[in-house]
Amino acid sequence: MSSLSRELVFLILQFLDEEKFKETVHKLEKESSFFFNIRYFEETVTNGEWDEVEKYLSGFTKVDDNRYSMKIFFEIRKQKYLEALDKGDHAKAVEILRKDLKVFSTFNEDLFKEIAMLLTLQNFRENDQLSKYGDTKSARAIMLVELKKLIEANPLFRDKLQFPSLKNSRLRTLINQSLNWQHQLCKNPKPNPDIKTLFVDHTCGQPNGARAPSPVTNQLMGPLPKVGGFPPIPGPFQHAPAPLTTSLAGWMVNANSVPHQAVSVGPMGLTPPNNADSEHVLKRSRAFGLPEEVNKLPVNILPIVYPGQSHAHSSNSADDLPKTVVANLNQGSAVKSMDFHPVQQTLLLVGTNIGDISVWEVSSGERIEVRNFKVWDLGACTMTLQASMVNEYTASVNRVMWSPDGNLFGVAYSKHIVHLYAYHGGNDLRNHLEIDAHVGGVNDLAFSHPNKQLCVITCGEDKAIKVWDAVTGVKQYTFEGHEAPVYSVCPHYKENIQFIFSTAVDGKIKAWLYDNMGSRVDYDAPGHSCTTMAYSADGTRLFSCGTSKEGESFIVEWNESEGAVKRTYLGLGKRSVGVVQFDTAKNRFLVAGDEFKIKYWDMDNVNLMTSIDADGGLPASPCIRFSKEGTLLAVSTSENGVKILANTEGIRQMRSMENRAGASSKAPIIGTFGASGSAAGPSVGADRNSPMGAMISLNGDSRNLPDVKSRISEEMEKSKIWKLTEISEQSQLRSLRLPDSLLSVRIIRLIYTNSGSSILALAYNAVHKLWKWQRSERNVTGKATAAVPPQLWQPSSGILMTNDISETNLEEAVPCFALSKNDSYVMSASGGKISLFNMMTFKTMTTFMPPPPAATFLAFHPQDNNVIAIGMEDSSVQIYNVRVDEVKTKLKGHQKRVTGLAFSNALNCLVSSGADAQICVWSLDGWEKKANKFLQIPSGRSSNPLAQTRVQFHQDQTQFLVVHETQLAIYEASKLECIKQWAPRESSSAITDATYSCDSQSIYASFDDGSVCVFISAGLRLRCRISPTSYMPSNPSSRVYPLVITAHPTEANQFALGLTDGGVHVMEPLEAEGKWGTVPPQENGTGPSMSHAPAAQDNSSR
């Protein structure tokens, strides 16, 4: 369902509530499952209306959806059972036991038996666990508290517990605006029109020459009388079709095991479209940022389709297509597969016929990294693969693909193997997983998120599809049913349904749910062709492209609800060589490589839009790939290379990346684009002499070789005199002090929410502050930014999230907090009890673990939000289960308070650090200590005996950062070995805090002189120093500096500071710069005011 249709449901809910259609309101809440009315739920539970309680809940969750849902239904049915027993109605109790509670016996048979045994007691309160059961009213109230906690913690209820903030009678207002608009369009408008119906558009009958009244002031539609029923509202909304069993209804003929129904809603428009070409047009909203004078007019939000109009967005012109060749990359072997990075739009991943993979920065033409085919651990592979490697130790790449976040990429080879690489930016490419996936070739791979766990899906010559955990490499599912080798896979999700399309070389298409229950679809691709499938960027339209054995190619759009071809595009060859490849872009365009050309289609028009030969040199069926924004297009060449094509925005994007590089050592591959030669990019860099640099050909670059050599010398000289970037003026960066109407008290802890749209701070006085950024014309993403001030957010109740400090000495307390993954609650302590707060309402959900000892650090277990590691004042680490209110184990190894904790999923370990300057590594399996090491304090520096030591894992989950007032250090967790250490000079200020950037490529460190330093994490090399004068007004009488620093979760160059004066600052580089300073050469790793200290030595445990 589109977002506008969803909002329409909320408007209808508001209208029904205002008109007192109470039963209808709750029925629509349940059937739409958009808003869970907690008040109505409380009312029905309090009244004991158990059938209605479960009926209402069923619109949002089922018993077996997750453990929270199971617990909710169990508590309700248990209460119903106990009430029957309390009334002495044993027959009713037996019925409840048999019909309602029996389902839980499969999960906990002992508990079910214990519940059944209550039937044998004269009074169930004789059972020890039920001895405190009071009367029915109090028991329901106690249960209701537990149910509300479970509902708030249940991810299925996320974003469904709060009704949108709407002005009164919003739907009536919109209808009035529509009627005013209709009245303005009347040829002979009356001054006081008489509106008697909404069923047809309004027109004024008799001419009187009067002007239409202002649409702002005239209220045409008064209160509607409540009669036997309320007629449906006409206008820009069509009735939705009946709910489909799944988003693949008609395809998935056996999909009755799907736990949730997905609701499908038709397109919205003033007039229903009258041809297939316009069917999807109405889903596209108008662009943001209409001029002010336009906003004053009664504008229809969605485009109008009039009879005879073929498609509304005729603005899909050929000018929007990437057709200008801007770069040539010489790969060196035949290109088989390509994929653009999902975030860094100018990074291209390429795989070849000899097994090579390369990562290219297309804006500069630099091949950042290259890997040749090699089996990483042949001994761990099957004997079949080992035997094939003996005969021929080569393999072709069949598919390369980035993970959705760009942190991993997968490579499918023609022999058994799938490789997963971890990419950490730059040339930091690391082996992650080697999977012996299939017998024979692996034909395709894709990433998906079933059960919120990143997985990689593979298919192969052995006719199987397999799903693997992308972190551990453990096989999750195997799908079998194809009768021929599986050629491609296409995972997708709609509403709550996750599924996989697969195609085989015999032209069969199947679809699978993640349930090992077999295929839900068995259809034929057009022409029984070898086919690939792809969705449009917004996930609403499904396309496929394939080539039959006879060489005839087909590119089509599918009607998912019917499992039939909806539209066949014209213009593909009848005698294609090889399988034609295709791609989609911007929800607007299709592209295919065919007949030595690149062919483009508008998605809503079956006729070929245009075709180009890209200046020649293309193979018969070139490999082809759009960038994620559709501004760039990569196409393989017959001379073992890749051409990069761009549209106007793509050219701007390429130039922007090139300009950011400034005087770096990169070759300019962007040519003149029809302008003079001077429009070419920056100077050719020093590594132009390298073999990789020599592979790049220049487009439109008329400079001769001596010019290039002189530039090389110039750039080499520049690298020798690299200078640290010093930022000391406010004009040199973007900085924003967040607005604050509360008492300004020094900030002790600071964190971005995981969504990146808010910042949470904990002050010295135990009060939390939450700033939220809203979506606006100036901030279309709604993410945190220094360009737009956020709102200091408080719930309507006006309460503050305040930690328990009833018996706390704040000077001695070590405040700490941890945020849940879904940002729904925060766990926090300021020397007293640990409090669990609801982030939406600021209410305290519970408190636990009163001191002594006090909590000093909190960290959620990465696999279970109910388990937390708690660092304690008494030097122990307690592993605590919130749900059962129980300490599972205590870890003892530190000698002073614990001040840092960090989990690694990859290594299955917990790293702790303390005020004793010691690091300990604990296994998550048995919680035994695996290793420990003391930091070596740099010579000449004294350390505060209670100085905090903090730890944070790198994105790769194998290395971690250690932060101490005397040093920064990078450790290898598996060996607990210090790889690199950096320390300020003896006379320099102490480090107050440090953190990795979200991509782990940088480290931001704050100091007690107010300065901030930016390091390259790979070698702890300083690249930029930010002076306090650049973000704080000069005030000699007060010493203000940052105590804490935190990095944005998705913007690698944004961080925030928490200051001693209570201020919070968001910092970003200038938009023109794009990053903090320039990368220092390897031999010049530190600035003049800093120095390296020797690496820490291993100390025996004291």
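First things first, this report covers the structure right here in the doc. Here the residue numbering is sequential within each chain, running from 1 through the sequence in written order. Per-residue local features are limited, in this predicted model, to residues with pLDDT of at least 70; the limit for side-chain atom pairs, both in listing and counting, is 80 or more; totals at the level of whole chains, interfaces and linings are taken over all residues. Side-chain figures throughout are based on the complete set of non-hydrogen atoms in the structure, without hydrogens or water.

**Re the pairing of strand β33 (residues 768-772)**
Here's step 1: Counted residue by residue, β33 has 4 buried out of 5 residues, so it is predominantly covered.
Here's step 2: Here strand β32 (residues 758-763) runs beside β33; their pairing, made up of 5 bridges, is antiparallel. Residue pairing for β33: Leu 760 is matched across the bridge by Leu 770.
Here's step 3: Only when DSSP finds a minimum of two bridges between them are two strands counted as paired. Helix numbering and strand numbering both begin at the N terminus, where a helix is a DSSP run of H or I of at least 4 residues and a strand a DSSP run of E of at least 2. Between β32 and β33, which pair antiparallel in sequence order, lie 4 residues; one of them, Ala 766, sits at a positive phi of approximately 75 degrees.
Here's step 4: Sheet topology places β33 next to strand β34 (residues 791-793); 3 bridges connect them, and they run antiparallel. Buried means the residue's accessible area, taken with a 1.4 Å probe over protein chains only, is under 20% of the maximum for its type, while exposed means over 50%, and partly exposed covers the values in between.

**Description of helix α1 (residues 3-18)**
Here's step 1: Here the expected length of a helix is defined as 1.5 Å per residue gap, with one fewer gap than residues. A rise of 1.5 Å per residue sets the reference length of α1, with its 16 residues, at 22 Å; its end C-alpha atoms lie 23 Å apart and thus fit the reference within 8%.
Here's step 2: Whether two residues are in contact is decided by their heavy atoms, any of which lying within 4.5 Å being enough. Where the residues of α1 are buried, they touch α2 (22-32) and α9 (170-184).
Here's step 3: Among the residues trailing α1, Lys 20 stands out with phi positive, at a value near 70 degrees.

**Regarding the sheet that holds strand β25 (residues 608-612)**
Here's step 1: An order of β22-β23-β24-β25 is seen for the 4 strands of this open sheet, with the pairing classed as antiparallel. Two strands bound the open sheet, and with one partner strand each, they are β22 (581-585) and β25. Neighbour-to-neighbour, the strand axes of this sheet turn through a mean angle of 20 degrees, independent of strand direction.
Here's step 2: Examined bridge by bridge, β22 and strand β23 (residues 589-594) share 5 bridges and lie antiparallel to one another. Angles here are taken between N-to-C directions and fall from 0 to 180 degrees, while the axes themselves are lines fitted to C-alpha atoms, restricted in helices to the stretch in contact.

**Quick word on the pairing of strand β1 (residues 324-330)**
Here's step 1: With respect to burial, β1 is a largely interior element, 5 of its 7 residues being buried.
Here's step 2: Sheet topology places β1 next to strand β28 (residues 641-646); 6 bridges connect them, and they run antiparallel. Counterpart to Thr 324 in the pairing with β28 is Ala 646.

**Some thoughts on helix α6 (residues 90-101)**
Here's step 1: What α6 keeps buried is the set Ala 93, Ile 96, Leu 97, Asp 100 and Leu 101. Taken end-on, α6 shows its buried residues confined to a sector of 110 degrees, consistent with a single buried face. In this structure, α6 carries Ala 91, Arg 98 and Lys 99 as exposed residues pointing more than 90 degrees from its buried face.
Here's step 2: Where α6 is buried, its residues touch α5 (67-86) and α7 (109-117). Throughout, the arc means the angular range of directions from the helix axis out to the C-beta atoms.

**Quick word on the environment of Gly 518**
Here's step 1: Here Gly 518 shows up in the loop between β16 (508-513) and β17 (523-524).
Here's step 2: Overall, the relative accessible area of 27% leaves Gly 518 in the partly exposed class.
Here's step 3: For the pair Gly 518 and Phe 479, spaced 39 residues apart in the sequence, the C-alpha separation amounts to 6.8 Å.
Here's step 4: Setting aside its immediate chain neighbours within four residues, Gly 518 contacts Ala 511 and Trp 512.

**Examining the packing of aromatic side chains**
Here's step 1: Ring pairs shown here join Phe, Tyr and Trp side chains whose ring centres sit within 6.5 Å, with only the six-membered ring taken for Trp; geometry is labelled stacked below 30 degrees between planes, edge-to-face above 60, and tilted in between. On inspection of all chains with the given rule, the structure shows 32 aromatic pairs.
Here's step 2: Plain terms: the ring middles of Phe 74 and Phe 104 are 5.3 Å apart, the flat faces sit at 85 degrees to each other, and that makes the pair edge-to-face. Here Phe 104 lies in the loop between α6 and α7 and Phe 74 lies in helix α5, a separation of 30 residues in the sequence. Like Phe 104, Phe 74 is buried.

**Description of the pattern of salt bridges**
Here's step 1: Any carboxyl oxygen of Asp or Glu that lies within 4 Å of a side-chain nitrogen of Lys or Arg is treated as forming a salt bridge with it. Summed over all chains, the structure comprises 38 salt bridges.
Here's step 2: Across the pair Asp 864 and Arg 67 runs a salt bridge whose closest N-O atoms are separated by 3.4 Å. With Asp 864 in strand β40 (residues 864-872) and Arg 67 in helix α5, this residue pair connects regions lying 797 residues apart in the sequence.
Here's step 3: The class of Arg 67 is partly exposed, set by a relative accessible area of 45%.
Here's step 4: Counted as one network, the salt bridges with shared partners bring together Asp 339, Asp 583, Arg 625 and Lys 628.

**A word on the sheet that holds strand β57 (residues 1064-1069)**
Here's step 1: Taken together, the 4 strands give an open sheet; going across it, the order is β30-β57-β56-β55, and neighbouring strands pair in antiparallel fashion. The open sheet has two free edges, formed respectively by β30 (733-737) and β55 (1042-1047), since each of these has just one partner strand. Pairwise comparison of adjacent strand axes, ignoring direction, gives a mean angle of 20 degrees for this sheet.

**Here we look at the side chain of Ser 913**
Here's step 1: With respect to the secondary-structure elements, Ser 913 resides in strand β44 (residues 909-914).
Here's step 2: Of the residues examined, Ser 913 reaches a relative accessible area of 0% and is grouped as buried.
Here's step 3: A polar side-chain atom of Ser 913 sits 2.5 Å from the main-chain carbonyl oxygen of Thr 949.
Here's step 4: Beyond its immediate chain neighbours, meaning those up to four positions away, Ser 913 contacts His 894, Val 898, Thr 899, Gly 900, Gln 918, Thr 949, Arg 950 and Val 951. N or O atoms closer than or at 3.5 Å make up a polar contact, with two conditions inside protein: a donor-capable atom paired with an acceptor-capable one, and, for residues adjacent in sequence, both atoms drawn from side chains.

**Observations regarding the nonpolar core**
Here's step 1: Counting residues in hydrophobic clusters, the biggest one holds 39 residues, and the most contacted among them are Phe 41, Leu 57, Tyr 81 and Leu 101.
Here's step 2: Elements supplying a minimum of two residues to this core: α3 (38-46), α4 (50-57), α5, α6, α7 and α8 (136-153).
Here's step 3: With 10 residues, α5 is the largest single contributor of residues to this core.
Here's step 4: Excluding anything up to four places from it in sequence, Phe 41 contacts Phe 36, Val 53, Leu 57, Ile 76, Leu 144, Leu 147 and Ile 151.
Here's step 5: Membership of the second largest hydrophobic core comes to 29 residues, among which are Leu 420, Phe 447, Cys 455 and Tyr 514. By nonpolar core we mean a set of buried residues, namely Ala, Val, Leu, Ile, Met, Phe, Trp, Tyr and Cys, connected to one another through side-chain atoms within 4.5 Å.

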